[in-house]
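Breakdown of the fold
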Amino acid sequence: MEANEIFKKVRRIEIKTRALSQQIFAGQYHSAFKGRGMAFSEVRQYNYGDDVRFIDWNVTARFNAPYVKIFEEEREMTVMLLIDVSGSNLFGTRKQFKSELITEIAAVLSFSAIYNNDKVGVIFFSGEVEKFIPPAKGKSHILRIIRELLTYQPSETQTDIAEALRFLTNVSKRKATVFLISDFVDRGYEQALKIAANRHDLVALNIMDTGEMTLPNIGIIEMADPETGRRIWVDSASKRVRDTYGQWWKELITNNLNTFRRSGIDTVQLYTDRDYVPALLELFRRRNG
């Protein structure tokens, strides 16, 4: 991609996503995520009506009177974007590729974060951790993230969500708001997800394309796995083949949703051919409920 073309694409994404962030998402983002990061401030004696969950039992035992911990909302948060750059995201049958939707959503979340004075960091992952951009503030930092999303060429094509979550746990010692953005064509990441969710405020954004979940009846076709490169010939005219293919997708989606539920994290499905604004706003409203 030529430098001039990159600049135009970055600028186009910036104009659209900054407007969305300013007009729609900034306030919703603040109410959905601000206040989740609380810093310990002091201990004082218990007053009637205080939340008993905040009783400091060590201090209470020492002075033989109930004391509670007081917390203050942290003035800034760290937002981490875990972005799947594996081969399966270079796919789209409708409006755009999944990778293009990921870029736009990452930009919206990043601009929403900096309007709320938060730092934004990024982890690109495929079958390995590809790139780590440490958290920082400012428009130039966000534009760098967008440029990287548009131009980065991953060294691997497969997906390992567990490895990305383990890396997050190692590099982010303080609690962060984490958006895991992927199509989740992967398994075996539940334990790593639970560990990360215990430390961070984790949200799963599931990127999907309607066309990849059903096999069209168009006769014998060659299919390629974008992550492994494996190619096979398939008789799509066979109802059994189409049903087996559709069932595989249903089981994958159900497994992912159950994994998110068991880990206690919020999730939303975002489609390449649909407006993502209502879905994200609904996610924010659920968190405020």
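That block above? That's the structure.
The present account deals with the structure reproduced in this document.

About the cut-offs
- Residues numbered from 1 in each chain as written.
- Predicted model: local features only at pLDDT ≥ 70, side-chain atom pairs only at ≥ 80, totals over all residues.
- Heavy atoms only, no water.
- Buried < 20%, exposed > 50% of the residue type's maximum accessible area, 1.4 Å probe, protein only.
- Helix = DSSP H or I, 4+ residues; strand = E, 2+ residues; numbered from the N terminus.
- Pairing = 2+ DSSP bridges.
- Polar contact = N/O pair within 3.5 Å; in protein donor to acceptor, adjacent residues only side chain to side chain.
- Contact = heavy atoms within 4.5 Å.
- Salt bridge = Lys/Arg side-chain N within 4 Å of Asp/Glu carboxyl O.
- Axes fitted to C-alpha atoms, helices over the stretch in contact; angles between N-to-C directions.

Moving on, we come to the pairing of strand β4 (residues 119-125). Most of β4 sits inside the fold, with six of its seven residues counted as buried. Where strand β3 (residues 78-84) and β4 come together, seven bridges link them in parallel fashion. Residue pairing for β4: Met 80 is matched across the bridge by Gly 121. What sits between the antiparallel neighbours β4 and strand β5 (residues 129-136) is a turn of three residues.

Before going further, it helps to spend a moment on the side chain of Ser 88. Following the sequence through the fold, Ser 88 ends up in the loop between β3 and α3 (98-115). When its relative accessible area of 7% is taken as the criterion, Ser 88 is described as buried. At 2.6 Å, the side chain of Ser 88 forms a polar contact with the side chain of Asp 183. Look past the residues within four positions of Ser 88 in its chain and what remains in contact with it is Lys 98, Thr 159, Asp 183, Val 185, Pro 226 and Glu 227.

The next thing to look at is the pattern of salt bridges. For the structure on display, the rule yields 16 salt bridges. The residue Glu 163 makes a salt bridge to Arg 166 at a minimum N-O spacing of 3.2 Å. Of this pair, Glu 163 and Arg 166 both sit in helix α5 (residues 161-171), separated by three residues, roughly a single helical turn. Among the salt bridges present, the one from Glu 282 reaches Arg 285, with a minimum N-O distance of 3.6 Å. One end of the pair, Glu 282, and the other, Arg 285, are both in helix α8 (residues 276-288), three residues apart, so they sit about a helical turn from each other. What you see here is one network of salt bridges that share partners, running through Arg 11, Glu 14, Arg 18 and Lys 139.

Next up on the list: the sheet that holds β3. One open sheet accounts for six strands, arranged β5-β4-β3-β6-β7-β10; its pairing is mixed. In the strand order of this sheet, the two ends are held by β5 and β10 (266-271), each with one partner. When the angles between neighbouring strand axes are averaged without regard to direction, this sheet yields 15 degrees. With respect to the sheet, helix α4 (residues 139-151) is in contact with β3, β4 and β5, its orientation differing from that of β5 by roughly 170 degrees.

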